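# Analysis of the macromolecular model
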Amino acid sequence: MTDVDLRVMWDRLVHITEECWLTIWRTAFSTIIGEAQDFGCELLDPDGGSLAHSPRSMPVFNLSLPRAVAALVARFPRERLREGDVLVTNDPWVCAGHLFDIAVVTPVFRRGRLAGLVGSIAHCSDIGGSKDPAGVREVYEEGLQIPPMRLYRAGERSRDLLELIAANVRRPETVIGDIQAQVAANVVGARRLLEFMDECGLEDLGPLAAEIQSRSEAAMRAAIAAVPDGAYRGEAWCDGVDWPLRLPVEVRVAGDALTVDFAGAPPQEPRGGVNCTYSYTAAHAAYALKCVLGPDLPANHGAYRPIEVLAPAGSILACERPASVGVRTRVGWYIATAIFGALAAALPERVKAHTASPLSVTAYGEGFNDHMLLGGGNGAWRGGEGQSALLFPTSAANVAVEMFEARTPVLVERKRLLPASGGAGRWRGGQGQEVVLRKLHDDDAPVLIAAHVEGARVDVPGLFGGAPGARAGGWVERAGAGRAPLPQGGTVVLRASDERVVLQVGGGSGYGT
Amino acid sequence: MGLSRVAAARVGSDIGGTFTDFVRISPTGEIRVGKRLTTPDDPARAVREGVHELGGPVRELVHGTTLITNALITRSGARTALLTTAGFRDTLVIGREQRYDIYDLFIRFPEPLVPTELRLEVDERIDRDGNVVRPLDPAQVEAALAGLDVEAVAICFLHAYRNPLHEKLAAEVARRMGLRCCASHEVLPEIREFDRTSTTVANAYVLPLAEGYIGRMESAGLADRLFLMTSSGGLATPATARALPIRLLESGPAAGALAAAAVARELGLTSVLAFDMGGTTAKACLIEDGGPAVAAGMEVARVHRFKAGSGLPVGGPTVDMIEIGAGGGSIARLDGLGLLRVGPESAGATPGPACYGRGGKDPTVTDADLLLGHLDPGYFLGGEMPLDRVAAEAAVGRLGCHPTDIVRVVREQMAAAARTHAVERGKDLRRCTLIAFGGAGPVHAVAVARILGMPEVIVPPLPGVASAFGLLAAPAAFEYAHSLPALLDGCDWAAVGSLLEDMEARGRQMVGQDDVTVKRRADLRLLGQVHELEVDVPPGRAGRAMGEALRKTYAAAYVRRFGLMPEGNPIQVLNWRVRVEGPKPQMPLPAVPNGIPRPKGMREVHGWGATPVFERNTLPAGFTLAGPVIIEERESTTLVGPGDRVAVRTHGHLQIGLGGPRP
């Protein structure tokens with residue numbers, strides 16, 4: 001295989017994943033997938049190693065899908081897989097860390113042999129369970145668990161499983177429609193992959209994968225080797241459930257290998273859904289490192305081989321069953337902050353200060369269940385002010401206010417940047433934003449708003465003396481009754497149009513003095 | 001007012017970044033071609049001079065321009081204010097909140113066209129159903145605008161696509177105050193506030209500029225009538241263009257696509273991929289049933305030219321094409337893994353490829369083409385620009401790769417992009433013909449077609465001025481769209497019928513001719529989906545039969561594009577569209593010589609050995625040649641590989657049948 005052959009075939013694989021991505025995007029039923037694009041698509045080799053992902057894929061999904069595939073293949077070994085099988089799971093411990101993220105994986109066969117796998121993880125609009133994450137103690141209360149199962153068996157749809165899912169979720173037509181979009185994307189991907197293999201005369205993706213992965217690994221090792229050896233320490237503070245939590249990290253660089261060690265992470269929380277599974281923690285850690293070490297390097301199994309992630313079992317970063325995990329982003333979105341802080345000593349020009357946690361808002365009621373995502377102020381970096389209201393560490397987009405309103409009886413009174421919310425510094429952090437919601441009509445139909453405000457109790461310092469950005473916040477205003485804090489867990493029921501939910505996403509931290 | 005067509009001298013003029021091209025067609029069908037340097041200080045000057053040079057009275061001047069695009073890229077538009085619904089003055093800067101590169105921590109977005117202090121809020125609100133929640137007080141608009149030092153005002157209120165009342169009131173106030181303004185319901189009456197605001201602001205930003213430019217063009221008296229080409233390949237009158245200048249954004253590329261469409265019609269080709277490769281970029285566009293596909297919008301002034309999401313979104317009908325950072329000037333380099341990458345960086349016109357001998361040191365596609373024998377160093381631009389082989393060798397040598405590698409990578413990149421573009425639109429390129437133009441298009445077209453499994457390539461005459469030619473191929477056309485959401489099963493067919501008839505009648509009136517083509521399309525989705533799929537509406541009266549036919553068309557299109565359609569979901573129809581198009585102008589083509597041509601020489605081509613070279617303007621109609629062969633003309637070179645055959649069609653089109661082995 002010449003270098004040029006490799007370049008050409010590699011680009012083709014990325015194009016195939018992009019087609020899968022477009023299929024889900026264009027056929028989705030929910031705002032969280034169809035507007036906010038909270039999903040990702042990937043191609044894997046016959047051994048389940050990742051090969052290529054679509055450019056707009058959710059980073060954490062790219063990194064956790066291989067783990068999900070490993071679990072699926074462990075349950076359905078190669079010799080039992082058949083053409084037309086479609087596998088599914090949302091197990092947070094092998095997939096993306098909470099039940100909303102559903103992996104749908106299709107093994108692709110060529111002349112009767114497993115040639116590769118095509119799959120996606122997408123955040124479904126609902127998975128049943130409680131709408132009040134604060135009170136949740138165990139994953140059982142968070143919705144339907146789908147262990148590794150077959151959604152299709154040799155081309156035959158599993159009606160039983162689909163009916164079970166439909167009976168357990170809110171707005172089942174939306175959830176099932178989105179799962180179908182994932183299945184369709186795999187159909188498109190498998191078709192293109194087989195055409196590609198025919199054209200290139202490949203029997204399976206093994207040798208091509210080995211080449212792509214070994215080159216990517218070598219490039220990542222070279223990038224790590226360029227970082228001076230040493231143990232670099234960092235930390236981040238997050239709100240926690242009852243009190244703020246400290247997330248310590250040590251990044252150890254030794255030659256061309258790197259270890260991220262979360263030793264000292266607090267124990268898992270007995271309630272509140274903020275626990276991260278190891279699969280989720282490892283994905284966030286690897287994503288942050290990729291951004292710092294090799295933003296231009298291809299992202300696949302090979303690139304991540306030199307990186308080891310350690311987290312103590314039973315800690316909030318490697319929780320054990322049956323811990324509650326529903327809003328694990330409230331902890332997990334600080335992993336990048338801790339790692340950037342650690343690496344700032346070695347690579348001060350390649351990291352950025354803390355980015356305020358994004359906010360996910362859901363409006364639910366009779367006939368609707370829709371999401372809105374809000375980005376916070378991004379951290380500043382050497383030479384640049386942080387971006388304002390930009391989603392990170394996720395690749396999602398917001399939902400247009402007009403789309404959100406068209407699908408829910410909610411009126412958005414304001415959606416505006418918060419001036420002066422960026423942390424001070426030689427370079428300022430980006431601005432956060434504020435959104436105000438109320439019921440559109442004064443009728444008897446209640447509207448439930450769920451908003452997982454994070455960053456309301458802690459100030460995360462910037463880098464090299466930069467100041468923290470403004471905190472996040474949330475409250476309810478009722479005419480004549482003043483302001484009441486948002487209940488813990490962020491779930492509130494609106495009954496009249498003069499009740500308002502005010503939500504503020506924080507500002508980014510500054511860099512330098 | 002109608003746009004009728006008369007047999008008279010017509011001139012097409014296309015302003016490009018470097019050259020302004022001209023094509024003049026006389027009443028007798030005689031074609032004259034001109035090319036002169038663009039005059040950036042006053043682009044109308046080159047047009048004026050070029051039109052005069054071609055001589056004779058002109059009845060109709062059709063004009064394409066990059067002026068609007070350049071104003072947005074170089075930020076040379078008007079000082080513009082924006083009026084928004086209270087609470088939403090930051091919509092323009094907040095945008096989609098999405099990273100266009102997931103691994104780049106330091107991404108930047110374009111500066112908004114309106115600075116913070118000129119984004120002004122007005123206390124008003126209309127809800128999703130078009131009901132007034134808070135009425136607008138015109139006095140407040142007046143107070144907001146009073147004393148502002150601005151040249152233009154953009155107005156974008158929430159849900160104005162549903163109810164434009166408040167925007168109309170505000171626009172009235174602004175106009176009464178003597179301000180130039182435009183409102184979002186006039187510019188882009190569609191849901192999603194950021195895209196609509198961005199488009200409305202961009203339109204306001206170029207209003208004064210377009211007004212001045214179009215005014216100068218009119219007063220220059222170059223022709224009895226002036227038309228401007230729109231991004232969707234239609235013709236706009238100066239009045240329309242002055243009100244909606246943002247619709248002129250992609251006029252040049254749209255004209256290129258129309259030129260390819262004209263060739264497709266002439267040759268009776270129903271499925272075509274137009275392939276235009278110039279110095280910096282290549283563009284590909286599907287042509288079906290005689291016209292280019294039209295997309296709902298594009299992005300302009302990207303921070304990263306080929307990264308979607310890094311620019312300013314502009315909605316509105318735009319010829320649906322994919323642009324790839326791959327042209328003759330694209331630079332080859334090794335990436336972080338030691339693998340070859342070509343483009344998107346380009347050596348441009350200065351310093352240009354190394355072989356131009358103007359100080360360029362980076363190896364480019366043109367350098368590789370020269371070294372491989374694809375180009376004649378003594379016959380580039382007809383010999384006006386000698387190429388330096390030694391410089392090309394040195395540049396490619398420094399990279400340590402073979403020139404075939406550069407050419408192969410760039411061809412594969414173009415093919416991959418074209419394939420994705422086609423597949424996303426449910427099209428199988430293996431049943432399409434490729435029509436090649438642009439300076440570098442004919443050099444690489446056959447190889448790209450081979451990668452894509454396409455059976456045939458057409459290289460039309462004058463491929464170097466195709467866009468100017470395409471300007472003259474545009475029909476008068478008007479398009480209307482109307483929302484009428486309903487389940488396909490519960491459609492009020494009487495209402496649909498009268499809506500379709502009304503849109504058609506209005507279109508016919510605007511086109512002002514009897515001989516029109518009417519195209520009807522509809523946007524459908526499964527109930528609850530976020531996005532729609534556009535399909536053709538079958539001919540005939542609106543009724544149950546139309547519903548059944550639509551259901552079938554939709555299901556087939558859905559499966560073709562998305563692999564699998566879920567069962568049992570009701571189908572919803574959202575919008576109905578009607579396009580009324582006048583007759584397409586007959587396009588005369590250059591005369592073709594008689595006699596038996598001889599090769600003007602032999603050239604050593606890498607991989608092919610000694611290859612005969614023909615001068616294109618000596619090839620008579622009906623003449624056929626077996627590849628490998630090279631056909632040269634002033635602005636381009638066509639490569640035909642071993643195993644391929646080329647035939648000269650009646651009007652000088654080169655028709656190349658691919659028989660050579662797949663790469």
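Residues numbered from 1 in each chain as written. Chains lettered and ligands numbered in written order. Predicted model: local features only at pLDDT ≥ 70, side-chain atom pairs only at ≥ 80, totals over all residues. Heavy atoms only, no water.

## Thoughts on the overall build of chain B
The criterion, for reference: Secondary structure elements are taken from DSSP: a helix is a run of H or I of four residues or more, a strand is a run of E of two residues or more, and numbering for both begins at the N terminus. When we talk radius of gyration, it's over C-alpha atoms, and the globule rule is simply 2.2 Å times the number of residues to the 0.38. Contacts are residue-level and defined by heavy atoms, with any inter-residue pair within 4.5 Å sufficient. Exposure was quantified through the Shrake-Rupley algorithm and a 1.4 Å probe, taking into account, for residues, occlusion by the shown protein chains and nothing else.
Regarding its fold elements, chain B presents 16 helices and 33 strands. At 26 Å, chain B has a C-alpha radius of gyration in line with the 26 Å of a compact globule built from 663 residues. The long-range share in chain B, meaning contacts at least 24 apart out of those at least 6 apart in sequence, stands at 67%. Surface exposure of chain B reaches about 25,100 Å², of which carbon and sulfur atoms provide 52%.

## Digging into the overall build of chain A
We count it as follows: Partly exposed describes any residue whose relative accessible area lies between the buried limit of under 20% and the exposed limit of over 50%, with all areas from a 1.4 Å probe on protein chains only and scaled to the type maximum.
Each helix and strand counted, chain A has 11 helices and 20 strands in total. Its C-alpha atoms give chain A a radius of gyration of 22 Å, near enough to 24 Å, the size a compact globule of 513 residues would have. Across the 513 residues that make up chain A, the buried fraction comes to 68%. When contacts within chain A are restricted to residue pairs at least 6 apart in sequence, long-range pairs at least 24 apart make up 71% of them. Surface exposure of chain A reaches about 16,000 Å², of which carbon and sulfur atoms provide 51%.

## Points about the packing of aromatic side chains
Aromatic ring pairs are reported here in terms of the distance separating the ring centres and the angle at which the planes meet. Threshold: Pairing of aromatic side chains requires ring centres within 6.5 Å, counting the rings of Phe and Tyr and the six-membered ring of Trp. Pairs whose planes differ by under 30 degrees are stacked, by over 60 edge-to-face, and all others tilted. Two conditions define a charge located above a ring, namely a distance within 6 Å from the ring centre to NZ of Lys or CZ of Arg, and an angle within 35 degrees of the ring normal.
Counted according to the given criterion, the structure contains 14 aromatic pairs over all chains. With a centroid separation of 5.3 Å and an interplanar angle of 80°, the aromatic rings of B:Tyr100 and B:Phe109 are classed as edge-to-face. Between the aromatic rings of B:Trp493 and B:Trp576, the centroid separation amounts to 6.4 Å while the plane-to-plane angle is 75°, which identifies the pairing as edge-to-face. Of this pair, B:Trp493 sits in helix H15 (residues 493-511) while B:Trp576 sits in strand S26 (residues 571-581), and the two are 83 residues apart along the sequence. A residue is classified by how much of its surface remains accessible, and B:Trp493, at 14% relative accessible area, is buried. Connected via pairs of aromatic rings, a cluster forms that spans A:Tyr287, A:Phe340, A:Phe392 and B:Tyr103. The cationic tip of A:Arg170 hangs over the ring face of A:Tyr364; the distance from NZ or CZ to the ring centre is 5.4 Å.

## What about the pattern of salt bridges?
Residue and element names in this part refer to chain B. In plain terms, the rule: A carboxyl oxygen of Asp or Glu within 4 Å of a side-chain nitrogen of Lys or Arg is what we treat as a salt bridge.
Enumeration according to the criterion identifies 69 salt bridges over all chains in this entry. As a salt-bridge pair, Arg579 and Glu581 come within 2.8 Å of each other at their nearest N and O atoms. The same class applies to Arg579 and to Glu581, which are both buried. The network of salt bridges with shared partners includes Arg521, Asp523, Glu534, Asp536 and Arg577.

## Some thoughts on the sheet that holds strand S17 (residues 473-478) of chain A
Residues and elements named next belong to chain A. Using the following cut-off: Two strands form a pair only when DSSP identifies at least two bridges running between them. Inter-axis angles, ranging from 0 to 180 degrees, are taken between N-to-C directions of lines fitted to C-alpha atoms, where helices are fitted over the stretch in contact.
On the basis of which strands lie adjacent, the open sheet formed by five strands has the order S14-S15-S20-S17-S18 and antiparallel pairing. Looking at strand neighbours, the two that pair on one side only are strand S14 (410-417) and strand S18 (482-485), the edges of this open sheet. Strand-to-strand twist of the sheet, defined as the mean angle between neighbouring strand axes without regard to direction, takes the value 20°. The pairing of S17 with S18 spans four bridges and is antiparallel. Across the sheet, Trp475 pairs through a bridge with Pro485, a residue of S18.

## Observations regarding the nonpolar core
Residues and elements named next belong to chain A. Keep this limit in mind: Among the buried residues, those of types Ala, Val, Leu, Ile, Met, Phe, Trp, Tyr and Cys that are joined through side-chain atoms within 4.5 Å form a nonpolar core.
The biggest cluster of nonpolar side chains holds 157 residues, and the ones touching the most others in it are Phe196, Phe262, Leu317, Ile339 and Leu503. When residues of this core are assigned to their parent elements, the largest contribution, 11 residues, is made by helix H7 (residues 278-293). The contacts of Leu503, once residues within four sequence positions are left out, are Leu359, Val361, Gln433, Glu434, Val435, Leu437, Ala451, Val453, Gly473, Gly474 and Leu486.

## Quick word on the environment of A:Ala219
Turning to its location among the elements, A:Ala219 is positioned in helix H6 (residues 206-225). Residues A:Ala219 and A:Ala303, spaced 84 residues apart in sequence, show a C-alpha to C-alpha distance of 7.4 Å. Aside from chain neighbours lying at most four places away, what touches A:Ala219 is A:Leu297 and B:Leu337.

## So, the side chain of B:Glu632
Mapped onto the elements of the fold, B:Glu632 is located in strand S30 (residues 629-632). Judged by its relative accessible area of 1%, B:Glu632 falls in the buried class.

## Section: helix H3 (residues 59-75) of chain A
Residue and element names in this part refer to chain A. To keep things clear, this is the line we draw: One fewer than the residue count of a helix, multiplied by 1.5 Å, yields its expected span. The quantity called bend is, for any residue, the angle between two axes fitted respectively to the seven residues ending at it and the seven beginning at it.
Here H3 contains 17 residues, and its C-alpha end-to-end distance of 25 Å stays within 8% of the 24 Å for a straight helix at 1.5 Å per residue. Maximum bend of H3: about 30°, positioned at Leu65, with proline Pro66 one to four residues after it. Most of H3 is tucked away, with 12 of its 17 residues classed as buried. Buried within H3 are the following residues: Pro59, Val60, Phe61, Asn62, Leu63, Ser64, Leu65, Pro66, Ala68, Val69, Ala71 and Leu72.

## Describing the interface of chain A and chain B
Filter applied, for reference: The buried area of a pairing is the accessible area, by a 1.4 Å probe, that goes missing from both parts when the two are put together, added over both. We call two N or O atoms a polar contact when they sit within 3.5 Å, provided that within protein one can donate a hydrogen and the other can accept it, with sequence-adjacent residues counted only if both atoms are side-chain atoms. In this classification, Asp, Glu, Lys and Arg are treated as charged, Ala, Val, Leu, Ile, Met, Phe, Trp, Tyr, Cys and Pro as nonpolar, and every other residue, Gly included, as polar.
The partner chain B presents 70 residues to the 95 residues of chain A that form the contact. Here chain A and chain B share an interface that buries about 6,600 Å² over both sides, 56% of which is from carbon and sulfur atoms. Put simply, chain A and chain B have eight salt bridges between them. One salt bridge connects A:Glu199 with B:Arg419, and the closest N-O pair in it is separated by 4.0 Å. For the pair chain A and chain B, the number of links is 37 residue pairs in polar contact (both at pLDDT 80 or more). At 16 residues, helix H1 (residues 3-27) of chain A tops the list of elements feeding residues into the side of chain A that touches chain B. In terms of residue class, the side of chain A that touches chain B is made up of 44 nonpolar, 23 polar and 28 charged.

## A few points about the pairing of strand S19 (residues 330-334) of chain B
For a regular strand, the rule is simple: side chains alternate between the two faces of the sheet. Bridge analysis of S19(B) against strand S20 (residues 340-346) of chain B gives four bridges, and the strand direction is antiparallel. Bridging across to S20(B), B:Ala332 finds its partner in B:Val342.

## Points about the side chain of A:Glu454
Residues and elements named next belong to chain A. Among the secondary structure elements, Glu454 is positioned in the loop between strand S16 (447-451) and S17. By relative accessible area, Glu454 is classed as buried at 4%. Looking at Glu454, its side chain comes within polar contact range of the main-chain nitrogen of Asp239, at 3.0 Å.

## Concerning the sheet that holds S30(B)
Residue and element names in this part refer to chain B. Spatially, four strands are ordered S27-S28-S30-S31 in an open sheet, and the strand pairing comes out mixed. If you trace the sheet from one side to the other, it starts and ends with strand S27 (601-605) and strand S31 (637-640), each paired once. Adjacent strand axes in the sheet meet at a mean angle of 30°, parallel and antiparallel pairs treated alike. Where S30 and S31 come together, four bridges link them in antiparallel fashion. Each residue of the ladder has a partner; that of Val629, found in S31, is Val640.

## Things to note about the environment of B:Tyr213
All names here are of chain B. Structurally, Tyr213 is set in helix H7 (residues 193-219). Judged by its relative accessible area of 3%, Tyr213 falls in the buried class. Residues within four places of Tyr213 in sequence aside, it is in contact with Ile15, Pro43, Ala44, Val47, His63, Thr65 and Leu67.

## Let's talk about a positive patch on the surface
Convention followed: Here the term patch refers to residues with relative accessible area over 30% and no salt bridge, with like charges joined within 9 Å and nonpolar side chains (Val, Leu, Ile, Met, Phe, Trp, Tyr) within 5 Å. The charge count includes Lys and Arg as positive and Asp and Glu as negative, but it does not include His or the ends of the chains. A charge is said to be at NZ when it belongs to Lys, at CZ for Arg, at CG for Asp and at CD for Glu.
A contiguous patch of positive charge, built from A:Arg75, A:Arg80, A:Arg82 and A:Arg153, is present on the exposed surface. For A:Arg75, a relative accessible area of 43% puts it in the partly exposed group.

## Side note on the packing of H1(A) against H6(A)
Residues and elements named next belong to chain A. Rules: Put simply, angles under 35 degrees are roughly parallel, angles over 145 are roughly antiparallel, angles from 65 to 115 are roughly perpendicular, and the rest are oblique.
Relative orientation of the contacting elements H1 and H6 amounts to 95°, with a least axis distance of 11 Å. One finds that H1 runs roughly perpendicular with respect to H6. In this structure, H1 contributes Asp3, Leu6, Met9, Trp10 and Leu13 to the contact, and H6 contributes Leu208, Glu211, Ile212, Arg215 and Ser216.

## Here's the deal with H6(A)
Residues and elements named next belong to chain A. To keep things clear, this is the line we draw: To obtain the arc, one takes the directions from the helix axis to the C-beta atoms.
The end-to-end C-alpha separation of H6 is 28 Å, in line with the 28 Å expected for 20 residues at 1.5 Å each. Three or more residues of H6 are buried, namely Leu208, Ala209, Ile212, Gln213, Ser216, Glu217, Ala219, Met220, Ala223 and Ile224. Down the axis of H6, the sector holding all buried residues measures 165°, keeping them to one side.

## Description of the environment of B:Met177
All names here are of chain B. Relative to the helices and strands, Met177 is located in the loop between helix H5 (165-176) and strand S10 (180-183). When the C-alpha positions of Met177 and Leu145 are compared, they lie 8.6 Å apart, and in sequence the two are 32 residues distant. Setting aside residues no more than four positions away along its own chain, Met177 makes contact with Glu142, Leu145 and Ala146.

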